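# Architecture and fold: a report
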Amino acid sequence: MPEFREEKNRVTLIREGPTFKISICINSDLSQILMTAGTPQPHPITLVALLDTGSSVTIIQKGKIDKLDLHPIGIQSVRGINDVKPQKHPVFRVGIAFDGVDYFDVSAVVQPLNFKGIDCLLGRDLLYLCKFEYDGKKGNYSISY
């Protein structure tokens, strides 16, 4: 079972929250299609992701996955922390990997995020597949799957 552990001093952990560097890539179905056709696959994109148990969906900062040249699979209404009512945003099927080890295919909403240094919120749609441990007193946290 892969495990990824991070440690921050308590002040930084309070300010930044539990973050990981992740890779965003094309999903496994699209990867197989491109491989079969002999078409080169786009390189994964590295993002800083915040584990967000308050979000039911994974959200990626608008513009961050443009280089993957993906097409939306739909539209989803999402109510952000500053929204009075839900806003409609495109949804993309992507692969998300921690440190390049395995990856999860998820449907991610793409919308503007107003968090300095955060490119992605990993919501409960991905977190339910993982074990997440958080020790605020020691300043460490981990995710495994």
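A brief look at the structure comes next.

Reading guide: rules and limits
Residues numbered from 1 in each chain as written. Predicted model: local features only at pLDDT ≥ 70, side-chain atom pairs only at ≥ 80, totals over all residues. Heavy atoms only, no water. Helix = DSSP H or I, 4+ residues; strand = E, 2+ residues; numbered from the N terminus. Rg over C-alpha atoms; globule rule 2.2 N^0.38 Å. Buried < 20%, exposed > 50% of the residue type's maximum accessible area, 1.4 Å probe, protein only. Areas by Shrake-Rupley, 256 points an atom, 1.4 Å probe, with all protein chains shown as cover. Salt bridge = Lys/Arg side-chain N within 4 Å of Asp/Glu carboxyl O. Pairing = 2+ DSSP bridges. Axes fitted to C-alpha atoms, helices over the stretch in contact; angles between N-to-C directions.

## Some points on the overall build of the protein chain
Scanning the protein chain from terminus to terminus reveals three helices and ten strands. Seen in sequence order, the protein chain has helices and strands lined up from the N terminus as β-α-β-α-β-β-β-β-β-β-α-β-β. Its C-alpha radius of gyration of 16 Å places the protein chain within 12% of the 15 Å reference for a compact globule of 145 residues. Judged by the C-alpha coordinates and their principal axes, the protein chain covers about 50 × 40 × 25 Å. Taking all 145 residues of the protein chain together, the buried fraction comes to 43%. A total of about 8800 Å² of accessible surface is found on the protein chain, and carbon and sulfur atoms cover 51% of it.

## Details of the pattern of salt bridges
All chains considered together, the criterion is met by five salt bridges. As a salt-bridge pair, Glu 3 and Arg 5 come within 3.0 Å of each other at their nearest N and O atoms. For Arg 5, a relative accessible area of 46% corresponds to the partly exposed category. Here the salt bridges share partners, and the residues they tie into one network are Lys 8, Arg 15 and Glu 16.

## With respect to the sheet that holds strand β1 (residues 3-7)
By way of backbone hydrogen bonds, the strands of a sheet pair with one another, either parallel or antiparallel. Sheet architecture is open: three strands sit in the order β1-β10-β9, paired in antiparallel fashion. Lying at the two open borders of the sheet, with one neighbouring strand each, are β1 and β9 (131-135). Each adjacent strand pair in this sheet contributes to an overall mean axis angle of 10°, direction not counted. Taken together, the five bridges between β1 and strand β10 (residues 140-144) define a ladder with antiparallel strand orientation. Opposite Phe 4, over in β10, you have Ile 143 as the bridge partner.

## A few points about the pairing of β9
Across five bridges, the pairing between β9 and β10 is antiparallel. When the bridges of β10 are listed, Glu 133 appears paired with Ser 142. Counting the residues that bridge the hairpin from β9 to β10 gives four residues, and of these Gly 139 lies at a positive phi of roughly 80°.

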